[in-house]
Amino acid sequence: MADQIRLIKKYPNRRLYDTQTSSYITLADVKELVLEHGTFQVVDAKSGEDLTRNILLQIILEEEAGGAPMFTSDLLSQMIRFYGNAMQGMMGKYLENNIKAFTDMQAKLQEQVRSVYGENATVNKDLWAQFLNFQGPAMQSMMGAYMEQSKKMYAQMQEQLDSQTRNLFSGFTFPGFTPGLSGDKSAAPTPDTAPPTTPKK
């Protein structure tokens, strides 16, 4: 049977009420639920609006302000620029997939360490750093290939859009514009009749 979602209600006084334990909790308690991979949902006690993302963002802000930030100012600036951009949805999915891949890789390393050193063994920071340093060149090469492929796909999309735009407007006529002319004076049409000559005196 799947675990039931733990419901947490947020009241106007900003207090969080855990309906499972029938007690008030703090953001630190919610953070513990996240670390324990608990399934929960935070809702507004009055309107029922889902506030889970808001609470998670508050936890991230507290962690970032705690002295060991994970995101640099440049990275945050780049992320802000994607809001309202056509690539916003794609970038969110890209980050999500990469974090999932990173987490899966960490879990596999943990399994390998336990298989060698026993069930109680854990991956410490030094071992994880050595693994990342060893994998660094391979990961950089993979990311470089991915970015190069992305640029080629973008160029192909741009070329296709340009082609579709030209085909779309090719059937329209515009006053004062003759198709096939692009400012080339040498291609000007020859009039049917010659201009009148000035009579000689």
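Residues numbered from 1 in each chain as written. Predicted model: local features only at pLDDT ≥ 70, side-chain atom pairs only at ≥ 80, totals over all residues. Heavy atoms only, no water.

## Overview of the overall build of the protein
Then, number 1: In terms of helices and strands, the protein carries five helices and four strands.
Then, number 2: Going from the N terminus to the C terminus, the protein shows its helices and strands as β-β-β-α-β-α-α-α-α.
Then, number 3: Intrachain contacts of the protein at a sequence separation of at least 6 include 38% that bridge at least 24 residues.
Then, number 4: Surface exposure of the protein reaches about 17,400 Å², of which carbon and sulfur atoms provide 57%. (Helix = DSSP H or I, 4+ residues; strand = E, 2+ residues; numbered from the N terminus. Contact = heavy atoms within 4.5 Å. Areas by Shrake-Rupley, 256 points an atom, 1.4 Å probe, with all protein chains shown as cover.)

## Description of the pattern of salt bridges
Then, number 1: The final tally for this structure, using the stated rule, is three salt bridges.
Then, number 2: We note a salt bridge from K31 to E63, for which the minimum N-O separation is 2.7 Å. Taken together, the residues span a long stretch of sequence, with K31 in helix α1 (residues 27-35) and E63 in helix α2 (residues 52-64) at a distance of 32 residues.
Then, number 3: Residue K31 is classed as partly exposed on the basis of its relative accessible area, which comes to 28%.
Then, number 4: Of the residues examined, E63 reaches a relative accessible area of 40% and is grouped as partly exposed. (Salt bridge = Lys/Arg side-chain N within 4 Å of Asp/Glu carboxyl O. Buried < 20%, exposed > 50% of the residue type's maximum accessible area, 1.4 Å probe, protein only.)

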